[in-house]
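Results of the structural survey
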Amino acid sequence: MSIGNSSPRREGRAKVTGHARYVDDLVFPGMLHGITVRSAASRGLIQDIAFGPEIDWHDLVVVTAADVPGRNRIALILDDQPCLAEDRVNHPEEPVVLLAHSDRQLLEHARRHVRIDIVPEPPVFTMDEALAARTVVWGDDNIFKRYALERGNVEAAFAAAPIVVDGDYETGAQEQLYIEPNGMLALASPAEGVTVWGSMQCPYYVHKALMSLFALPAEKVRVVQMETGGGFGGKEEFPSVIACHAALLSWKAGRPVKLVYDRAEDMAATTKRHPSRTRHRTAVSRDGRLLAMDVDFVIDGGAYCTLSPVVLSRGTIHSAGPYYCPNVRLRGRAVATNAPPHGAFRGFGAPQSLFALERHMDRVAAAVGLSPDELRRRNFIATGQTSAVGQVMRDPIEMGALLDRAMALTEFQAKRTRFSALNPAQRVRKGIGLAAFMHGAGFTGSGEDHLASVVAVEATGDGRVRVLSSNTEIGQGTNTVFAQIAAAAVGLPEDAIEIVQPDTAIVPNSGPTVASRTCMVVGKLIENAVVALKSELEKVGLPAGGYDADAFRRACADYIDRYGALRATARYQAPPGLKWDDETYQGDAYGTYTWAVYVAEVSVDTTTFETRVDDFVAVQEVGRVINPVLAAGQIEGGVAQAIGWALYERVLWREGRMANAEMTNYIMPTSMDLPPIRVFFEEQPYAHGPGGAKGLGELPMDGPAPAILNAVAHATGADPRSVPLTPESLMSIMGTVHA
Amino acid sequence: MRSFLRDFDLAAPRTLDEALTTLAREPGVWRPFAGGTDLMVVLEAGKLPPGRYLSLRRLRELRGILVDDQSIAIGAMTTYAEVMAAPVLRAECPSLCAAAADTGGVATQNRGTVGGNIANASPAADTPPALLVHDAELELVSLRGVRLVSYDRFHLGYKRMDLAPDELIRSIRLPRGRAGWIHTWRKVGTRRAQAISKVCFAAALDLSAGAPGAQADRAVRDVRIAVGSVAPTVIRAAGAEASLRGRALTMSSIAGCCEALRAEIAPIDDLRSTAAYRSQVAVNLLEQFLASASPVTN
Amino acid sequence: MPDPSTGSGQSPSRGSGQAGPFVEISCRVNGEAVALSGHPMARLLDVLRNQLRLTGTKEGCGEGECGACSVLIDGDLVNSCLVPLLHAQDAAITTIEGVAEGDRLHAVQAAFVARGGAQCGICTPGMVLAAVSLLARNPTPSLEDVRVALAGNLCRCTGYARIFEAVLQAYRT
């Protein structure tokens, strides 16, 4: 049976031989290279664009905002972001001019000879400045979006509470750092329309953006995904920008144009994880039950709206975590600053708010005098209870069992005691910490309804089944998992399945490859479509009960002969009974959740204040594991990225610009920096996922940072409140003497 | 790749004589280019000064490790990988081998050279503190002749060296006869591999032997302490050394040595770290080393 | 401001590589003698990708940090983004395209496929070469040996564990 099998990655051979084709590997006849000239100023009016006399500009293709045929906006949510700056700039690195030439070297040289003169205006760089709104840089009050939800009687609960714990927690920006930078190759003309090939997660987002920019109908725009070297959300919405740029150059040049960023440009100019600040106020009883939670969650969206409202919504919804509390006030605000717009990154708001919550819960435990695990245990939400946003939790929840398993696997209580006893005499101090959390799978609220995803499957005359969806392989295993699901549904070996390359000319819009939805939502649609296909074949006598590959092939050939093409589609239908109110933003936030308890064991060297993660255990309930190797790979990779966020990855800001935009100075973990990451799965099948699977790609980002900081607090007695917790930060929290 | 290559040239003379002749003929026009692991990075960032570069790649005279009774001479174009593989260096210069192993990753170690690292003169370079602790001496050559410069007098200031425009480093000489010294090397980087150092610390101690069975504090016959990334150049902490030389290792003398070190370093805040961190950690590393070497304070 | 709208994207008299220093070097790439030409400081990475169309070697950072551009020169792992063309004279270069023997994958490649060592695949060519180079020097590495040997190759997807398992499996087969 295919489900549950560690089928080898379908495109694995191409990847290990260097034959997989990424966008920079493409060369088209007559192709030019493109480059982007960007603002150095963080905010101001464009007074002049001067092209220096050293360059013969007639040899280059030059594009500005005046060259946009349609609407000079990147179509997304609010459409406030220009494709190219017109009369003003709102962030450093904002694109202003595009150049193309056949010689990439000459382009670099020419770029230095374009001078953009800007009359500066006062910028806003911090969340506090944005909220104070003494300078307004966006809308009326620098606020892209706000949410407010309240349940129960929060003020009364605080007034009566025996114990109240306050805390502020901060998270910094994080660069996705896919090893393949952003790139697009475009072929565009007024006569033929626009085609782009490139690195991306969401072909139909790019399609929509191009239609709007060029004022073209859908059939005149075509988007093709190439092998993509990592995304993590960094290639969710940003590719629309670079695709529009490449296409504008091609439109003007009348030739193909390839626009690929180098690492420094990609780091400085593209989206990052939203920085955040969360203020917690928690009322708790003397026996450790949560009485009231008041959470104020703020994220920094940068200069344009992009996806900030959705990041805010997910972060706000997750800010109360996997707990039951009768009185809850959640407030969220996404603010504008003059930095390059922030955007999607694995977890999408939840890592930020869950970091704050889970670090806070350890402090609440200490205030009550309970161990960190016991406080969690007494407050986990149970099936039948109502969440902070008003969702009655219907699926089985076994957080207690997950906690038990994590405690046993890590010898948590014994180590906690032992480390505390031994540490005072040691230069290297050990700590162990945990985090308990959940992650909603699929789009929030009515998001999946709005997407109205469609997949198609076709059968060929030689009995192969082709799967057509716009969901992309970006390393997480889409191709392989889709093939397993389709094979299981049709009852044939996996090599009878073909996954069609996402090309908007060929595949329907099955929605973006984000939000941990690809396997769960789209995989389920594939399952449904294959079942529909089989039904069709019963018209030509394919037995419903079972058949072999030959019988299937004959039936396909027969059907095609008689009726023409054999194709079935499936469209998303919300699971029955889900209710979500878009106005009040309450109700069934997600169709289902994955649940987890993570434990980190650390060593803190008091000579150098370096923290090393010695062991990491990740226990999670994920519905059903379709492919054990791929699923574990997702957890391991997500934990590694989150360890980077917790301890190493710091974006240094100077006047709204990333000052450390090199891989030498922006530090992600190497093979020497990571512990063994031990992964354990539980399965509570989800009725609406393929084979019972829930989405798990983002879950592993939520737990490691708080687990690690809780462990460091245990090891040192310090009280860290922000990530990244660099050695310099830890030293200043601990005091400079290493006694 | 942000440089316009037409503004650059790279040529590879076949012999040392040819190289020195070129440098002498057009002083200041040609800049030496060794393994490329520093200069190519700067080129790609668009920050390498345009001009003419002289590759030392083919110069056999700059390669090889020569050993005699008194000293070891490491050719300037010896790679980190070659340093790590040389039995005599593994046996007698452990700090240098540790520094080479901590520089970049395998790929950098296969091409980066000791001479290139010295001449690049980054204050954060890894091998310089080890070289100082091993009392390195540089052999500088030009058409005008050969001169020897003690390495602790080679770096004059930030990116300024006692190296004339017509000179090349031919070899790095390390004296032998240090059996019995206790060595330490520790690099504190931004991560455990592929990292630029925030502090790098090398030290060596020659302790007198205590009387058999005695618990008396051992006297410091001689000591070397060198630190990188805490000043515009690598520094030999002469003041810290002087405070310890000839004294017993006690909690008091260790504390005094640490305070002397703190006073003679001048770290800064930069993209990677802070002055306060560098200062404290340098002192902590020294204290940890001295405490571990002393049986009483352990 | 000059009227940019007539720009052709092509310089009539100044094609790339025709002005400025120019060298022709001979070397071997994946066992075959080749002649390469270009600016002496051109990155070997670009020459392999653009002149020989060997696109398996990737640019990840242009700083020698990520190892996606790794190739072997005379058996040694190097970052091809840091090797100037002039320094490739007489070199024996192995790229990822030279690792398999025809259709037969190298043990490292097969192990990567079997053990989930590749996710998005962009770091994979460099990782494979780092592993091949390690096993040629040290046929029976420990886990720590593997960790150190691959420390200069960054992977953002996997967390490295399955890459290490794949390398350890490779030498056992």
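Keep in mind that what you see is a predicted model, and the values were worked out from it rather than measured. (Residues numbered from 1 in each chain as written. Chains lettered and ligands numbered in written order. Predicted model: local features only at pLDDT ≥ 70, side-chain atom pairs only at ≥ 80, totals over all residues. Heavy atoms only, no water.)

Residue and element names in this part refer to chain C. In terms of domains, chain C is made up of domain 1 (23–98) and domain 2 (107–172). Using C-alpha coordinates to define each centre, domain 1 is positioned 21 Å away from domain 2. At the junction of the two partners, domain 1 supplies 14 residues and domain 2 supplies twelve residues. Summing the contributions of domain 1 and of domain 2, the shared interface buries around 1,000 Å²; its carbon and sulfur component is 66%. Linking domain 1 to domain 2 there are zero salt bridges. The element that contributes the greatest number of residues to the side of domain 1 that touches domain 2 is strand 3 (residues 70–73), accounting for three residues. Of the residues that constitute the side of domain 1 that touches domain 2, the class distribution is six nonpolar, six polar and two charged. (Domains from an automatic or database assignment. Contact = heavy atoms within 4.5 Å. Buried area = accessible area lost by both parts, 1.4 Å probe. Salt bridge = Lys/Arg side-chain N within 4 Å of Asp/Glu carboxyl O. Helix = DSSP H or I, 4+ residues; strand = E, 2+ residues; numbered from the N terminus. Nonpolar A, V, L, I, M, F, W, Y, C, P; charged D, E, K, R; others polar.)

Here the focus is unusual backbone geometry. All names here are of chain A. Cis geometry marks the peptide bond from Val-723 to Pro-724, where omega comes out at 0°. In this fold, Pro-724 is placed in the loop between strand 28 (722–723) and helix 19 (727–734). Phi at Ala-452 is positive, roughly 50°, even though this residue is not glycine. Within the secondary structure layout, Ala-452 lies in the loop between helix 13 (447–451) and strand 17 (454–459). For Ala-452, a relative accessible area of 26% puts it in the partly exposed group. (Buried < 20%, exposed > 50% of the residue type's maximum accessible area, 1.4 Å probe, protein only.)

Turning to the nonpolar core, a few remarks are in order. Ranked by internal contacts, the top residues of the largest apolar core, which has 167 residues, are Trp-595, Tyr-598 and Ile-708 of chain A together with Phe-112 and Leu-150 of chain C. Here the element with the most residues in this core is helix 17 (residues 628–647) of chain A; it accounts for ten residues. With near-sequence residues (within four places) excluded, Ile-708 of chain A lies in contact with Ala-600, Val-602, Val-613, Ile-643, Ala-646 and Leu-647 of chain A. (Core = buried A, V, L, I, M, F, W, Y, C linked by side-chain atoms within 4.5 Å.)

In this section: the sheet that holds strand 3 (residues 51–55) of chain B. All names here are of chain B. Taken in spatial order, the three strands of this open sheet run 1-3-2, and their pairing is parallel. The open sheet has two edge strands, strand 1 (8–11) and strand 2 (30–33), and neither has a second partner. Between one strand axis and the next, the sheet turns by 30° as a mean value, whatever way the strands run. Note that strand 2 and strand 3 share four bridges and pair parallel. Residue pairing in the sheet places Trp-30 in a bridge with Arg-52 of strand 3. (Pairing = 2+ DSSP bridges. Axes fitted to C-alpha atoms, helices over the stretch in contact; angles between N-to-C directions.)

Residue-level contacts link 58 residues of chain C with 66 residues of chain A. Buried area between chain C and chain A, both sides added, is near 4,900 Å², and the carbon and sulfur share of it is 54%. In terms of surface lost to chain A, no three residues of chain C exceed Gln-119, Arg-156 and Arg-162 of chain C, which account for 16% of the buried area on that side. In this assembly, chain C and chain A are joined by five salt bridges. Residues Asp-24 of chain A and Arg-49 of chain C are paired through a salt bridge, measuring 3.5 Å at the closest nitrogen-oxygen approach. Linking chain C with chain A are 26 residue pairs in polar contact (both at pLDDT 80 or more). Residue assignment for the side of chain C that touches chain A shows that the elements contributing at least two residues are helix 2 (107–115), helix 3 (124–137), helix 4 (143–149) and helix 5 (161–172) of chain C. (Polar contact = N/O pair within 3.5 Å; in protein donor to acceptor, adjacent residues only side chain to side chain.)

This next bit is on helix 8 (residues 308–318) of chain A. Residues and elements named next belong to chain A. Summarising burial for helix 8: ten of the eleven residues are buried, a large majority. Three or more residues of helix 8 are buried, namely Ser-308, Pro-309, Val-311, Leu-312, Ser-313, Arg-314, Gly-315, Thr-316, Ile-317 and His-318. Buried-residue contacts for helix 8 involve strand 7 (143–151), strand 14 (290–300), strand 15 (328–335), helix 9 (350–368), strand 16 (428–441) and strand 21 (580–581).

On to the side chain of Asn-627 of chain A, then. Residues and elements named next belong to chain A. Its place among the elements puts Asn-627 in the loop between strand 24 (610–621) and helix 17. Classification of Asn-627 by relative accessible area gives buried; the value is 2%. Within the structure, Asn-627 has its side chain in polar contact with the side chain of Gln-484 (distance 2.9 Å). When near neighbours in sequence (up to four residues on either side) are disregarded, Asn-627 contacts Asn-5, Ser-6, Ser-7, Thr-480, Val-481 and Gln-484.

Quick look at the packing of aromatic side chains now. Residues and elements named next belong to chain A. Under the counting rule described, the total for this entry stands at 18 aromatic pairs over all chains. Note on Trp-138 and Phe-144: the rings are 4.6 Å apart at their centroids and 65° apart in plane angle, and the pair reads as edge-to-face. Seen in terms of ring centroids, Tyr-590 and Tyr-593 are 5.6 Å apart; in terms of plane orientation they differ by 80°. Their pairing is edge-to-face. Neither Tyr-590 nor Tyr-593 differs from the other in exposure class; each is buried. (Phe/Tyr/Trp six-rings, centres within 6.5 Å; stacked < 30°, edge-to-face > 60°.)

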